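Remarks on the overall topology
This is what each chain is made of:
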Amino acid sequence: MATMKAARWHAAKDIRVEETQIPNPNDNQVKIEVKFTGICGSDLHEYTHGPQLIPVDEPYPLNGHQGITTLGHEFSGVVEAIGKNVKNIKKGDRVTVEPIFRNSESPFIPSGEYNLSEPLGFVGLTANGAFAKYVVVEDYMVHKMPDTMTFEQGAIVEPAAVAAYAIQQSGMKMGDTVLITGAGPIGLLTVQVALASGASQIFVTDVSENRLKKAKEVGATHTFDARDKDIPYKIKEMTGHGVDVFIDAAGVQASFDTGINSLRNGGTAILVALFAKEVVHNALNQTLRELTIKGTAAYRNIFPEVIALISSGRLPVEKLITSVIPLDEIVEKGFEALTKDPSEVKILVDINS
């Protein structure tokens, strides 16, 4: 039996780099030799207090996966093998992966809203993922990368798609003003997308000075310590009436309140963060001010545009890479570093180092 090293989740605070079987594709799947894989916030959540999306008590209905799981869903690589039914993808293709599962029986598939099909699932959470030499994915997940895109950039297409989808769903227009609460990877990618989409002013809040500095580097026009109670007042002073768009990439009561209070009447709030707790919301205030408040679930129908933006240089996502580490050191230099060091933004695992 051929084996490979993989970073496998056994329980919260228990990720082990160990030998596991090399997977092979079925008729509708693609086997990929992985080059780089990013550590995502959802991976971090599984590490610190999982299981969240990893199916432990019962199998994931679409594939039967359950229990110990190889993490990793932000990745790029080279096609190693394809199933007999796979079209338009061949061995040797340079690819990145859109890791969201689609339930073919869902009423949301014909409408193109595949990210709303249930049960929700992702490669690296409800199936074995890409913190390993090889991974097998469904054929509909695979996107070819142009030769002008590096494998490092390819590993950031997935989180960049989250940011791009949030901006798209906000209806942001050229010249609009935007507030982004939270300067983690998704918040910073949203800064880059807002800039590329023509935002005139981009305000960012966070509690980390290092991350606010990074926000300025990638395009924020103004930054604030998130603990400042006067942020809505200051933003309204600068804009005249508040921001057009608010993106919550922090996901706590304080970030939500700051954003809602900083919006102009008639503005739009997009909730992209995974809120761990319920928030209290004044619905009368929303009604009287005609605010739109909308959640976004990952992304849909946007990977080709994100790939084009990155390969053209308009979306320099590589600026967010703060460390590249080997698979053997993923726990200490990856997961532990992200929980302890606020200067770390996007850590990539070089699977072949």
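It should be emphasised that the depicted structure is a prediction, and the values quoted were computed from it without experimental measurement. (Residues numbered from 1 in each chain as written. Predicted model: local features only at pLDDT ≥ 70, side-chain atom pairs only at ≥ 80, totals over all residues. Heavy atoms only, no water.)

Take the sheet that holds strand 14 (residues 292–295) next. The strand order 11-10-9-12-13-14 describes an open sheet built from six strands, whose pairing is parallel. Each edge of the open sheet carries a strand with a single partner, namely strand 11 (222–225) and strand 14. For this sheet, the mean inter-axis angle between neighbouring strands, taken without regard to orientation, is 15°. As defined by bridge partners, strand 12 (residues 243–248) adjoins strand 13 (residues 263–271) across five bridges and the pair is classed as parallel. (Pairing = 2+ DSSP bridges. Helix = DSSP H or I, 4+ residues; strand = E, 2+ residues; numbered from the N terminus. Axes fitted to C-alpha atoms, helices over the stretch in contact; angles between N-to-C directions.)

On to the packing of aromatic side chains. Across all of its chains, the model carries five aromatic pairs by this definition. Between Y299 and F303, the aromatic rings sit 5.3 Å apart at their centres with planes inclined by 65°, giving edge-to-face as the arrangement. Of the two residues, Y299 and F303, neither departs from the other in class, the shared state being buried. Site record: aromatic cluster; members linked through ring pairs are Y47, F131 and F335. For K31, the ring lying beneath its charged end belongs to Y134, and the centroid distance is 4.7 Å. The ring of F151 has R94 lying over it, and the distance from NZ or CZ to the ring centre is 4.5 Å. (Phe/Tyr/Trp six-rings, centres within 6.5 Å; stacked < 30°, edge-to-face > 60°. Buried < 20%, exposed > 50% of the residue type's maximum accessible area, 1.4 Å probe, protein only. Lys NZ or Arg CZ within 6 Å of the ring centre and 35° of its normal.)

Taken residue by residue, helix 10 (residues 330–340) has I330, G334, F335, E336, A337 and L338 as its buried positions. Where helix 10 is buried, its residues meet strand 1 (3–11), strand 2 (14–21), helix 1 (41–49), strand 15 (321–326) and strand 16 (346–350). (Contact = heavy atoms within 4.5 Å.)

Let us now look at the nonpolar core. The biggest cluster of nonpolar side chains holds 88 residues, and the ones touching the most others in it are V137 and Y299. Counting residues per element, this core draws most heavily on helix 3 (residues 157–170), at nine residues. Not counting residues within four places of it along the chain, the set of residues in contact with Y299 comprises E98, P99, I100, Y114, N115, F122, E158, A161, V162 and Y165. Counting twelve residues, the second largest nonpolar core, distinct from the first, contains I235, V243, I260 and L291. (Core = buried A, V, L, I, M, F, W, Y, C linked by side-chain atoms within 4.5 Å.)

Attention shifts here to the pattern of salt bridges. Here the idea is simple: oppositely charged side chains can pair when their charged atoms come close. Within the structure shown, the criterion is met by 18 salt bridges. A salt bridge links K234 to D228; the shortest N-O distance between them is 2.6 Å. The partly exposed category is assigned to K234, whose relative accessible area is 32%. Residue D244 pairs with R264 through a salt bridge whose shortest N-O separation is 2.8 Å. Of the two residues, D244 sits in strand 12 while R264 sits in strand 13, which places them 20 residues apart along the sequence. Overlapping salt bridges bring together K13, E336 and K340 as one network. (Salt bridge = Lys/Arg side-chain N within 4 Å of Asp/Glu carboxyl O.)

Before going further, it helps to examine helix 4 (residues 185–196). Between its first and last C-alpha, helix 4 extends 17 Å over twelve residues, near the 16 Å set by a 1.5 Å rise per residue. Taken together, the buried positions of helix 4 are G187, L188, L189, T190, V191, Q192, V193 and A194. Contact partners of the buried residues in helix 4: helix 3, strand 9 (177–181), strand 10 (201–206), helix 5 (209–218) and strand 12. Of the residues one or two after helix 4, G198 is the one with positive phi, at around 100°. (Expected span 1.5 Å × (residues − 1).)

Next up on the list: the sheet that holds strand 1. Here three strands make up an open sheet; going across it, the order is 2-1-4 and the pairing antiparallel. Edge positions in the sheet fall to strand 2 and strand 4 (69–70), since each of these pairs with one other strand and no more. Judged from the eight bridges that link them, strand 1 and strand 2 form a sheet pairing that is antiparallel. Bridge pairing in strand 2 links A7 to V17.

We now examine the environment of K35. By secondary structure assignment, the location of K35 is in strand 3 (residues 29–38). Each C-alpha atom, one on K35 and one on T268, is 38 Å from the other, the two residues being 233 residues apart in sequence. Apart from the residues within four sequence positions on either side, K35 is in contact with S76, G77, V78, F151, V349, D350, I351 and N352.

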